[in-house]
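Structural description and commentary
In case you want the letters, here they are:
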Amino acid sequence: MTHRTNAVQKPGEADTDADLASVLSRFAQFTYDATEPLETTVVRILSAADREIHGKRRPCRQAVINGLATRYGLLGQPPATLEETGFAMGVTREGARQIQKRHKALSGLYLWWPQLDAALDLARRLAPCTDFGLAEELLRRGITTTRYSFDSLRACAEFAGRQFDLELKDGVVTDDPDSLTAVYRATRRLAERQGLATLLQVSDEALNAGVVVTEDDVRALLSASESVVWLDDHHVTWRSSGRNRLVNTLRTLLSVHQPVDLLSARQAVEAFWAYRNSGRTAGQADLVAPTITGLRAFCEWHDQFAVGDNGLSTTVTLDLNAELGVEAALLVELIRMSPNGVLDRTSLMETAEAFGMNLSTAGLYLTFHPAFMQLDRNAWTVRGTQVAPYVIAAVQQEARERSLTENRDFRTGVTPDGRPWVTLAVTSNFRLTGVVLRRWLPAGTPSTRFELTDGRGEPCGTAVYNDETGFTHGFGTYVRRFGLRVGEYVFMSADPDEETASVTHGGSDEVSRLAQTNLAN
């Protein structure tokens, strides 16, 4: 033995248990090798204590000593049940309980146990770390010769009267479980919501939950988890996320055409998520499209995608109808059926109406869906379609000549009490799409959802104003309910604070009278 120390160090205060004191006074005379493995010292301590407790009587068999160590959880595995302990000792469950009761005075004594102190000190310095990583490091340094679970290490600390301030959360040993939980939850939420996250986004998400962690803290905590995938030095995702919106959006995009260059893919994701953001409530977080660097790293890691010289593609077969849904897939086919694969908005909506499509839905698809592209003003096609510039110009000219035959009267203003209003002539495009394509709310008005009511005060849908495009979607319900015709007028007055708007319609004179009445009121 290279270095010998006392096996027990009595606490500073007097012992209140006379019988135990006499045992301890003798037990303190025993010494052990301070460099031997943790589990070897466990058996030596229990064997020596057993001999002192039994005195001149025959001590317990070695199987009983080993069973006690297993029951206390001192040999690397979590504490065993009484049934398991009895089986190891070769006695019944009740027999095991009686043996443990005779030896219970040992548990909680402050044992002089240098290797345990070394193990606990190592755990504190490594935290945060994985349970497996800690066990491997204990083996590597020779502190143990068997893999010690975290629960067994904690049991050793409790048995030997040591303070143990570490916890195991999601497979990670930590001294700050609140921060660990907040960071892991933030990472999982971000992965489900938008596919991946930067360390700064995780830090901000945790802050929203009331936990302050720096980017360095986030890095340390996530580095300890086997559930986290490091896409690169700054981007992470959650390995077993049940839902991943980025994957779903990319599958939708690539089901129409592939490969797609990463810049176009990111722009499509950003546009689609901007629409989703415009309809989210105040309590819901915005979707943030990844950077091109993050998108590349994610797609290179994910088994459904491949990134090559020509751009992004899938490694799995995609079904257009399954990925897009019936209506979006139909709209794709309608555009592809046109002579040149490109249509102006009004012509496209008329075709969709003829096939029984919901026009409001079709209008939303054209504005935000990743399957469709606006090549130029009022010229739409399916992603991946190659269209010559002269074809686009011809489509635009035809649409322009048609629109000039329609009344395009459009007036806006603000009432004396601050309510914005708009009067517009119903055009083919508005009738078909239910979309106001011109900005009518005052500059600086954020994206807003307006609950609409008709002239009778009855609900008639929800209009969504997008501050980036200036478009307002959602009048399709009103158009269909009252069967608006091209040439009629619509008057709308909004209350941005209450997020409500009233809509009326009629002929030019009728709407003018209604507008004057509303403005006066």
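Higher on the page you've got the structure.
Residues numbered from 1 in each chain as written. Predicted model: local features only at pLDDT ≥ 70, side-chain atom pairs only at ≥ 80, totals over all residues. Heavy atoms only, no water.

With that out of the way, let us pick up the nonpolar core. Core analysis: the largest hydrophobic core is formed by 38 residues, its most contacted members being Leu46, Trp113, Leu116 and Leu153. Elements that contribute at least two residues to this core include exactly helix 2 (38-54), helix 3 (62-72), helix 4 (82-89), helix 5 (93-103), helix 6 (114-126), helix 7 (131-140) and helix 8 (150-159). Listed in part, the 25 residues of the second largest apolar core include Leu196, Leu231, Phe272 and Phe298. (Core = buried A, V, L, I, M, F, W, Y, C linked by side-chain atoms within 4.5 Å. Buried < 20%, exposed > 50% of the residue type's maximum accessible area, 1.4 Å probe, protein only. Helix = DSSP H or I, 4+ residues; strand = E, 2+ residues; numbered from the N terminus.)

A few words on the pattern of salt bridges. Counted under the stated rule, the structure contains 25 salt bridges. With a closest N to O distance of 2.8 Å, Asp151 and Arg154 form a salt bridge. Remark: Arg154 and Asp151 occur in helix 8; sequence separation between them is 3 residues, near one turn of the helix. Note that Arg189 and Glu205 form a salt bridge whose closest N and O atoms lie 3.2 Å from each other. Of this pair, Arg189 sits in helix 9 (residues 177-194) while Glu205 sits in helix 10 (residues 199-208), and the two are 16 residues apart along the sequence. Judged by its relative accessible area of 33%, Arg189 falls in the partly exposed class. Judged by relative accessible area, which is 11%, Glu205 ranks as buried. (Salt bridge = Lys/Arg side-chain N within 4 Å of Asp/Glu carboxyl O.)

For the rest of this paragraph, the subject is the side chain of Gln115. As for its placement among the helices and strands, Gln115 is situated in helix 6. Since its relative accessible area comes to 12%, Gln115 is described here as buried. At a separation of 3.5 Å, a polar atom in the side chain of Gln115 contacts the main-chain carbonyl oxygen of Thr35. Those residues in contact with Gln115 that lie beyond four places of it in its chain are Ala34, Thr35, Glu36, Pro37, Leu38, Gly142 and Ile143. (Polar contact = N/O pair within 3.5 Å; in protein donor to acceptor, adjacent residues only side chain to side chain. Contact = heavy atoms within 4.5 Å.)

Turning next to the packing of helix 9 against helix 11 (residues 215-223). Relative to each other, helix 9 and helix 11 sit at 85 degrees, their axes nearing to 10 Å. In terms of orientation, helix 9 and helix 11 fall into the roughly perpendicular class. For the pair helix 9 and helix 11, the contacting residues are Ser179, Leu180, Val183, Tyr184 and Thr187 in the first and Val218, Leu221 and Leu222 in the second. Its residues assigned to classes, the contact of helix 9 with helix 11 shows 6 nonpolar, 2 polar and no charged. (Axes fitted to C-alpha atoms, helices over the stretch in contact; angles between N-to-C directions. Parallel < 35°, antiparallel > 145°, perpendicular 65-115°, else oblique. Nonpolar A, V, L, I, M, F, W, Y, C, P; charged D, E, K, R; others polar.)

Judged by how many residues are buried, strand 18 (residues 489-495) sits mostly within the fold: 6 of 7 residues are covered. One ladder, built from 5 bridges, connects strand 14 (residues 420-425) with strand 18; its direction is antiparallel. Bridging across to strand 18, Trp421 finds its partner in Ser493. Pairing geometry for strand 18 and strand 19 (residues 500-506), over 7 bridges, is antiparallel. Across the sheet, Asp495 pairs through a bridge with Thr500, a residue of strand 19. Where strand 18 folds back on strand 19, the antiparallel hairpin that results is connected by 4 residues, among which Glu499 adopts a positive phi of roughly 55 degrees. (Pairing = 2+ DSSP bridges.)

The next point concerns the packing of helix 3 against helix 5. Axis separation between helix 3 and helix 5 bottoms out at 11 Å; the angle between their running directions is 85 degrees. It follows that helix 3 is roughly perpendicular to helix 5 by the angle criterion. Every residue of helix 5 that contacts helix 3 at Val64, Leu68, Arg71 and Tyr72 is listed here: Ile99, Gln100 and His103. For the contact of helix 3 with helix 5, the residue count by class is 4 nonpolar, 2 polar and 1 charged.

Counted by the stated rule, this structure contains 9 aromatic pairs. On the basis of an interplanar angle of 45 degrees and a centroid distance of 5.1 Å, the ring pair of Tyr72 and Phe159 is categorised as tilted. Taken together, the residues Tyr72 in helix 3 and Phe159 in helix 8 connect sequence positions 87 residues apart. What makes Tyr72 buried here is its relative accessible area of 12%. Geometrically, the ring pair formed by Trp440 and Phe450 is tilted, given 6.3 Å between the ring centres and 45 degrees between the ring planes. Taken together, the residues span a long stretch of sequence, with Trp440 in the loop between helix 20 (428-433) and strand 15 (448-453) and Phe450 in strand 15 at a distance of 10 residues. Each member of the pair Trp440 and Phe450 is classed as buried. Over the face of the ring belonging to Trp238 we find Arg188, whose NZ or CZ atom lies 5.0 Å from the ring centre. (Phe/Tyr/Trp six-rings, centres within 6.5 Å; stacked < 30°, edge-to-face > 60°. Lys NZ or Arg CZ within 6 Å of the ring centre and 35° of its normal.)

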